[in-house]
Amino acid sequence: MKKINRRDFIGKASLGIGGAVALSQLPLSVFADADPAWLNQPIGFQTYPIRTLVVQDFPGTLKLMAGQGYQLVEMCSPQGYVTSGFGPLVNLKPADMRKIIEDSGLHCPSCHFTFPELTDNLDERIEFAKQLGLTQMICSTFWLPKTATLNDYLESADKLNKSAEKIKKAGMQAGFHNHEFEFAKLDDQLIYDALMGRFDPDLVKMQFQTEVINLGYKASTYFNKYPGRFISAHLSDWTADKKEVPIGQGIIDWKEFFAAAKTGGVQNFFVEMKLDTFKDSATYIHQL
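What counts and how
- Within any chain, residue numbers begin from 1 and follow the written order of that chain's sequence.
- Given that the model is predicted, a residue must reach a pLDDT of at least 70 before its local features are reported, and side-chain atom pairs must reach 80 or more before they are shown or counted; all residues, however, enter totals for whole chains, interfaces and linings.
- Heavy atoms from the whole structure form the basis of all side-chain values; hydrogens and water molecules are not counted.
- Counted as salt bridges are all cases of a side-chain nitrogen of Lys or Arg within 4 Å of a carboxyl oxygen of Asp or Glu.
- Here a strand is any run of E in DSSP of at least two residues, a helix any run of H or I of at least four, and the numbering for each starts at the N terminus.
- Three labels apply to residues, based on accessible area from a 1.4 Å probe with only protein chains included: buried if under 20% of the type maximum, exposed if over 50%, partly exposed otherwise in between.
- Definitions used for this entry: grid spacing 1 Å over protein atoms alone; cavity, a set of points where a 1.4 Å probe fits but cannot get out; pocket, an open set with protein on both sides within 12 Å along at least 5 of 7 lines; lining residue, one with an atom within 4 Å of a point.
- Grid points are joined across faces, edges and corners, and a volume is the space filled by probe spheres set on the points.
- Basically, the charged four are Asp, Glu, Lys and Arg, the nonpolar ten are Ala, Val, Leu, Ile, Met, Phe, Trp, Tyr, Cys and Pro, and anything else, Gly included, counts as polar.
- Each residue after the first adds 1.5 Å to the expected span of a helix.
- In what follows, residue pairs with any heavy atoms lying within 4.5 Å of each other are defined as contacts.

Caption draft 1: View of the pattern of salt bridges. For the structure shown, the criterion picks out 10 salt bridges. A salt bridge links aspartate 202 to lysine 168; the nearest nitrogen and oxygen atoms lie 2.3 Å apart. Remark: lysine 168 occurs in helix α9 (residues 150–169) and aspartate 202 occurs in the loop between α10 (191–198) and β8 (204–209); sequence separation between them is 34 residues. Relative accessible area serves as the criterion here: at 39%, aspartate 202 is assigned to the partly exposed category. Through salt bridges with shared partners, one network takes in Glu117, Glu124 and Arg125.

Caption draft 2: Fine view of the layout of surface pockets. By volume, the largest pocket amounts to about 330 Å³. As for the largest pocket, its lining consists of 21 residues, of which Tyr48, His177, His179, Gln209 and Glu272 are closest to the centre. Broken down by class, the residue content of the lining of the largest pocket amounts to 7 nonpolar, 10 polar and 4 charged.

Caption draft 3: Structural view of α9. Helix length check: α9 (20 residues) gives 29 Å between terminal C-alpha atoms against 28 Å at 1.5 Å per residue, within 8%. Among the residues making up α9, those that are buried are Leu150, Tyr153, Leu154, Ser156, Ala157, Leu160, Asn161, Ser163, Ala164 and Ile167.

Caption draft 4: Region of interest: unusual backbone geometry. Unlike most non-glycine residues, threonine 141 shows phi in positive territory, near 70 degrees. Checked against the element boundaries, threonine 141 lands in the loop between β4 (136–139) and α9. For aspartate 188, which is not glycine, the phi torsion reads 65 degrees and is therefore positive. Secondary-structure assignment places aspartate 188 in the loop between β6 (185–186) and β7 (189–190).

Caption draft 5: The environment of leucine 62, seen in detail. Mapped onto the elements, leucine 62 comes out in helix α4 (residues 58–67). Placed 11 residues apart in sequence, leucine 62 and valine 73 show a C-alpha to C-alpha distance of 8.2 Å. Those residues in contact with leucine 62 that lie beyond four places of it in its chain are Phe45, Val73, Ile100, Ile101, Ser104 and Leu106.

The following block contains the structure:
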């Protein structure tokens, strides 16, 4: 495929959200001659931090976020998150959910699912994902108890590998989202590294949460350590004393982050922060 330069890409992206979404589906190699940060891709947000608003006024909240500079949204499965704030959406058909999202000017390529959804109810969840128009089904960690052993994590990884085979056959990519507890050690091993050694690199891609900067771990380190192993990232920024601030106002080196994200294979970026940080975060990312 012919490569395009930054100027051509910006011109094509200016066709609108639809054009930008279409361009986001192109292989990363297309952007080889672009700005190293290749930040003209659409940016998204995760619904979990603003779930109260989402369930109170789903169309209105999506339009609000589109107006603040976002083109993508990552949902949480209402069925899996029924007791975590998404219950009011559980009876909304996925096709209707998709129409509301698209009518707001957004696109939804990804959704979080609980581990049991992807192991005990996978066929139905795949059908839900297809109707929603997803290309990515993300496991929102295993939620193992604090007493879990490293072997418990590895056995769970084996189960997700198996589910991911079926997800791939359905035409989608499975992923795994980390929290801070994967950056703890068991048996003198970092749980995250142990999981990376267990997940099938083709079947399970990673979604990196930048919040682990509070534990001293940088996303760029892992993007470079495991090239091509990532599909998306959750973006948040923090001060040295661990206070959440808009993207660009904290301690994360975002130019370094986005440059390394290309090496990692990241396709989508989802800001996941408090409501009052979303607008400034989108502005900063678009201006990079």
